[in-house]
Amino acid sequence: RTVRFFQEYFEYPRVVEVFKDKSYPTFILAEQRITDADRLVTYILDEDRAVLRRLLTEDKLFAISDGGLGNAFFKSVVQKSYLPDYDIPSDWDWKGSQPVKPAVGRRSGMLTNPVWLLTFSDNEKNQAIQRGRWIYMKLLGGNIPDTPIGVDAVLPEAPHKTLRERMEVTRLEYCWRCHQHMDPLGLPLEQFNDFGRWRDTEVGKPVVTTGEIDIGDPALDGPVQDPYEMMTRLAASERVEQVFTRHVFRYLLGRNETPDDAPTLIDAHRAYSKAGGSFRALVASILTSDSFLLRTR
């Protein structure tokens, strides 16, 4: 049940719904990615310290963690398509200790894990806008309205341009009112392609990974040079911890918080902080609160 919260929070089980018309051999890979992400979450939860910070900054990952390389076909698919997405050599000894650091590039927590990146992609490109929307709503506590009816939310077809260049159309005044909160958060993750592989070029051009956090919090706001700087800053933020606490509360009680729940949320965040970022302490605080014990439904 605990892992299920993180599955719903990060949304990575939706990877099975992602359509790729080539280079994505079978659904086995999608299911395997979910398993490996679950293992990473469990690994961090078992140690139960600085849980949120580590979920946003962990530089290691699990790969083929269920030892499923006995099948010859599966093994060939893994070597050709799976391990390269994790930036791990195809001849890697999967029986070794895990988690492991990629041989190429860097990772920084779940938002740079291949399963999360692939979840927020489409057939041929990254969903940088949707990635930024997730960060703005799930980590920063902001709100983005649905796309207005009548707006043709389609980027121009331009194979010779990078995604960042194609997204210039979102800077039109009537678009930028919402996109200013999403695009600068999603574009640093262009460090990775739509399969989650680390890269330094796109359509033959150097990848630009700059972005910006702008939520009205002096401790957070400002430009970022790459996803690693962005994740480090978010992971160290008290605001992000408080927003995370609200999401745990909503999951456990099955409803949104109200003003009357303020003492519960304050106590829960305090318990999490005092216990060194213990998820167990956070859950225990909520489950022993008046909000939970005196609930009416």
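Up top you'll find the structure we're talking about.
Presented here is an overview of the structure given in this document. (Residues numbered from 1 in each chain as written. Predicted model: local features only at pLDDT ≥ 70, side-chain atom pairs only at ≥ 80, totals over all residues. Heavy atoms only, no water.)

**Some thoughts on helix α1 (residues 2–10)**
All buried positions along α1 are accounted for by F5, F6, Y9 and F10. All buried residues of α1 project into a common sector of 115° when viewed along the axis, lining one side. (Buried < 20%, exposed > 50% of the residue type's maximum accessible area, 1.4 Å probe, protein only. Helix = DSSP H or I, 4+ residues; strand = E, 2+ residues; numbered from the N terminus. Arc of directions from axis to C-beta.)

**Some points on the pattern of salt bridges**
Side-chain pairing between opposite charges can occur once the charged atoms of the two side chains come close. Using the criterion set out here, one finds 21 salt bridges in the structure. A salt bridge links R54 to E47, with the nearest nitrogen and oxygen atoms 2.6 Å apart. Take R54: its relative accessible area is 9%, and that puts it in the buried class. (Salt bridge = Lys/Arg side-chain N within 4 Å of Asp/Glu carboxyl O.)

**Let's talk about helix α6 (residues 128–139)**
Here α6 spans 16 Å end to end across 12 residues, near enough to the 16 Å set by a 1.5 Å rise per residue. A128, I129, R131, G132, W134, I135, Y136, K138 and L139 are the residues of α6 that are buried. (Expected span 1.5 Å × (residues − 1).)

**A word on the side chain of D261**
Within the fold, D261 resides in the loop between α10 (238–253) and α11 (262–274). Within polar-contact distance, the side chain of D261 engages the side chain of R255 at 2.8 Å. Sequence-distant contacts of D261, that is, excluding residues within four places in its chain, are made with F249, R255, N256 and S291. (Polar contact = N/O pair within 3.5 Å; in protein donor to acceptor, adjacent residues only side chain to side chain. Contact = heavy atoms within 4.5 Å.)

**Re the side chain of E190**
Position of E190 relative to the elements: it lies in the loop between α8 (173–186) and β1 (201–202). Residue classification places E190 among the buried residues on the basis of a relative accessible area of 2%. A distance of 2.8 Å separates the side chain of E190 from the side chain of N126, its partner in a polar contact. Setting aside residues up to four positions removed in sequence, E190 forms contacts with N126, A128, R131, L163, R199, E202, V207 and V208.

**What about the nonpolar core?**
Across soluble globular proteins, nonpolar side chains have a tendency to be buried as a group. Counting residues in each nonpolar core, the largest one holds 65 residues, and the members touching the most others are F6, F10, L111, I135, L234 and F279. Broken down by element, this core gets its largest block of residues, seven residues, from helix α2 (residues 27–47). Ranked by size, the runner-up nonpolar core spans 12 residues in total, among them I64, V77, I88 and V100. (Core = buried A, V, L, I, M, F, W, Y, C linked by side-chain atoms within 4.5 Å.)

**Quick look at the environment of R199**
Mapped onto the fold, R199 is located in the loop between α8 and β1. It is 9.7 Å that separates the C-alpha atoms of R199 and D87, two residues lying 112 residues apart in sequence. In this view, R199 contacts N126, E190, Q191, F192, N193 and V207; residues no more than four positions away in its chain are not counted. Polar side-chain contacts of R199 include one of 3.0 Å to the backbone oxygen of E190.

**Concerning the packing of α10 against helix α12 (residues 279–287)**
It is the contact of α10 with α12, at a shortest axis distance of 10 Å, that shows an interaxial angle of 55°. The pairing of α10 with α12 is recorded here as oblique in orientation. Relative to α12, α10 is oriented so that their crossing is right-handed. On α12, the residues touching F244, T245, V248, F249, L252 and L253 of α10 are F279, L282, V283, I286 and L287. A per-class count over the contact of α10 with α12 returns 10 nonpolar, one polar and no charged. (Axes fitted to C-alpha atoms, helices over the stretch in contact; angles between N-to-C directions. Parallel < 35°, antiparallel > 145°, perpendicular 65-115°, else oblique. Left-handed = near helix turned anticlockwise from the far one by under 90°. Nonpolar A, V, L, I, M, F, W, Y, C, P; charged D, E, K, R; others polar.)

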